Amino acid sequence: MKTLLLVALFLAFTIPSTVVLVDEGVVGLVHLVQREPWALQILVDLVIACSVFVGWMWRDAPTRGIRAWPYVIAIAAAGSIGVLAYLIRRRFATPTAAA
């Protein structure tokens, strides 16, 4: 059930995000942040939250036999989409003996 919920959330967030990215491009985000203080605040908040997640993931991934670096790149490029992708992948991993 949790896996299905994560996949549904991933799709529900990734599809509209992709549409916006294709329509507006990264330049659209830059322009928004330049003219809207709240957009900058939300961006900074997202960077902080994703950074905390990367710290946790970096320790969690080896205990499950998952390479963390592809997800670090995904999080740097796509934010929460990379976080959700890792959480979905984690559901299919088995803790290793080192854990």
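Here is a short report on the structure shown in this document. Fair warning: this is a prediction, and the values are worked out from it, not measured in the lab. (Residues numbered from 1 in each chain as written. Predicted model: local features only at pLDDT ≥ 70, side-chain atom pairs only at ≥ 80, totals over all residues. Heavy atoms only, no water.)

1. Re the packing of aromatic side chains
- Enumeration according to the criterion identifies 4 aromatic pairs in this entry.
- Relative to tryptophan 56, the ring of phenylalanine 53 has its centre 5.3 Å away and its plane inclined at 50°; by these criteria the two rings are tilted. With a gap of 3 residues between them, phenylalanine 53 and tryptophan 56 both fall in helix α2 (residues 37-63), about one helical turn apart.
- Accessibility expressed as a relative area gives 33% for tryptophan 56, which makes it partly exposed.
- Ring geometry for phenylalanine 53 and tyrosine 86: centres 6.0 Å apart, planes at 75°, overall edge-to-face. (Phe/Tyr/Trp six-rings, centres within 6.5 Å; stacked < 30°, edge-to-face > 60°. Helix = DSSP H or I, 4+ residues; strand = E, 2+ residues; numbered from the N terminus. Buried < 20%, exposed > 50% of the residue type's maximum accessible area, 1.4 Å probe, protein only.)

2. Quick look at the packing of α2 against helix α4 (residues 80-91)
- With their axes 10 Å apart at the nearest point, α2 and α4 run at an angle of 25° to one another. If you check the angle between α2 and α4, you find them roughly parallel. Handedness of the crossing formed by α2 with α4: left-handed. Residue-level inspection shows Leu46, Cys50, Phe53, Trp56, Met57, Asp60 and Ala61 of α2 in contact with α4, the latter providing Ser80, Val83, Tyr86, Leu87 and Arg90.
- Residue classes in the contact of α2 with α4 are distributed as 9 nonpolar, 1 polar and 2 charged. (Axes fitted to C-alpha atoms, helices over the stretch in contact; angles between N-to-C directions. Parallel < 35°, antiparallel > 145°, perpendicular 65-115°, else oblique. Left-handed = near helix turned anticlockwise from the far one by under 90°. Contact = heavy atoms within 4.5 Å. Nonpolar A, V, L, I, M, F, W, Y, C, P; charged D, E, K, R; others polar.)

3. Observations concerning the pattern of salt bridges
- Per the counting criterion, the structure on display carries 2 salt bridges.
- The shortest N-O distance in the salt bridge between aspartate 60 and arginine 64 comes to 3.4 Å.
- With a closest N to O distance of 2.7 Å, aspartate 60 and arginine 90 form a salt bridge. With aspartate 60 in helix α2 and arginine 90 in helix α4, this residue pair connects regions lying 30 residues apart in the sequence.
- When its relative accessible area of 9% is taken as the criterion, aspartate 60 is described as buried.
- One network of salt bridges, in which partners are shared, links Asp60, Arg64 and Arg90. (Salt bridge = Lys/Arg side-chain N within 4 Å of Asp/Glu carboxyl O.)

4. Examining the nonpolar core
- Counting 12 residues, the largest nonpolar core is built from Cys50, Phe53, Val54, Met57, Ala61, Ile66, Ala68, Tyr71, Ile75, Val83, Tyr86 and Ala93.
- When contributions to this core are tallied by element, the ones reaching two or more residues are α2, α3 (69-78) and α4.
- Per-element accounting of this core gives the leading share, 5 residues, to α2. (Core = buried A, V, L, I, M, F, W, Y, C linked by side-chain atoms within 4.5 Å.)

5. Some details on the side chain of aspartate 60
- At 3.4 Å, the side chain of aspartate 60 and the side chain of arginine 64 are in polar contact.
- Apart from residues lying up to four places away in sequence, aspartate 60 is in contact with Tyr86 and Arg90. (Polar contact = N/O pair within 3.5 Å; in protein donor to acceptor, adjacent residues only side chain to side chain.)

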